[in-house]
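Structural overview for review
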Amino acid sequence: MSNPRTRFYASIQCDVCLLCFWVLQIFYPHSIQLNPDHFPGQDPNDCPRDISKENAKQTGCLNADSPDAFGHYREAEFTQVKHHWLWKLSYVFDKLEYTKKAADLAVLLLEEDYYLAPDALHMLKLMRQQKSSLCPQCSIVSVGSYETSDYATRSSVVSTNNWISDKHNMGMSIDREAWSQLKACAETFCKFDDYNWDWSLQFSGMTCWKAPIQVLYARTSRVFHIGQCGIHHKGTCDPSKIVEDVNQQLAGAKLFPSEISLESVGGVKMVPKPNGGWGDPRDHKLCMSFIQ
């Protein structure tokens, strides 16, 4: 019987590209779908989000002693985000038979509502190949960027900066060296009162890593967020319009550069404040268990 968390799929037949991929799907075993009425899902005896700590203690709900910094209690649909992010990295780097012994492994993190430029993997390969000369201290390489830039003239330009959550969290690539540093600071990551993995990563990078996390990133993004129905969005969504805009933006782009150049070096430093949602010791314990 196959491992319930993994399953092989045949190569994907691509109609619009020349490359096809083998896919190994992994299954997160602690999802709220598999645990709908007990931790890490939402236990019926968990405290309601907005109940006061005093009232929570009177009712005897399970996590009465553990509101977050803002006085709110955990919501499983949000805490799952940070758990899942760390688990998948741990599983790929340290547990998956096909990757755990690959010393030169680098993982590109993509989400289901990302749209990639045709040369995204080409650009990532160039940046990784030249990281040692352009930014040897960079722990993360990102082919995504929220900056607006001219694709016709700047498609080969890269920059460096301290890694900032809301600037460099899209299309980021982590190698084994960065993963080792993240593991060494797992307690800082797992106990930071924020259900967002990216703000938790920034906090641990600024306060625990040997040096603040630095990133080598493409000034013209090769990854685009087209989803309008993510965890932070409410209302209608129509990604087709965004795809149309992206394709127009890429129409005149000079993609697949043969070389890349470093234009500027930034140095923004910011230790983030917690956004909350992560005050429950059960979440801290589960998070840490992925590293052990």
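Report on the accompanying structure. (Residues numbered from 1 in each chain as written. Predicted model: local features only at pLDDT ≥ 70, side-chain atom pairs only at ≥ 80, totals over all residues. Heavy atoms only, no water.)

**Quick word on the pattern of salt bridges**
- Inspection of every chain in the model, using the stated rule, returns 17 salt bridges.
- Residues Arg 282 and Asp 46 are paired through a salt bridge, measuring 3.1 Å at the closest nitrogen-oxygen approach. On the criterion of sequence distance, the pair formed by Arg 282 in helix α10 (residues 281–289) and Asp 46 in the loop between β2 (23–26) and α1 (53–59) is long-range, its members being 236 residues apart.
- Among the residues examined, Arg 282 registers a relative accessible area of 23% and is labelled partly exposed. (Salt bridge = Lys/Arg side-chain N within 4 Å of Asp/Glu carboxyl O. Helix = DSSP H or I, 4+ residues; strand = E, 2+ residues; numbered from the N terminus. Buried < 20%, exposed > 50% of the residue type's maximum accessible area, 1.4 Å probe, protein only.)

**A closer look at the side chain of Thr 99**
- With respect to the helices and strands, Thr 99 occurs in the loop between α2 (76–95) and β3 (106–108).
- Not counting chain neighbours up to four residues away, the residues in contact with Thr 99 comprise Val 92, Phe 93, Leu 105 and Arg 176. (Contact = heavy atoms within 4.5 Å.)

**As for helix α8 (residues 197–207)**
- Taken across its 11 residues, α8 has 9 buried, putting it largely inside the fold.
- Burial in α8 covers these residues: Trp 197, Asp 198, Trp 199, Ser 200, Leu 201, Gln 202, Ser 204, Gly 205 and Met 206.

**Here we look at the packing of aromatic side chains**
- Applying the stated criterion across every chain yields a total of 10 aromatic pairs.
- An angle of 10 degrees between the planes, with centres 5.6 Å apart, marks the rings of Phe 93 and Trp 179 as stacked. With Phe 93 in helix α2 and Trp 179 in helix α6 (residues 176–184), this residue pair connects regions lying 86 residues apart in the sequence.
- Residue Phe 93 is classed as buried on the basis of its relative accessible area of 0%.
- Feature note: the residues Tyr 28, Trp 87, Tyr 91 and Phe 290 constitute an aromatic cluster, connected by ring pairs.
- Here the guanidinium or amino end of Lys 82 rests over the ring plane of Phe 189, the centre of that ring lying 5.1 Å away. (Phe/Tyr/Trp six-rings, centres within 6.5 Å; stacked < 30°, edge-to-face > 60°. Lys NZ or Arg CZ within 6 Å of the ring centre and 35° of its normal.)

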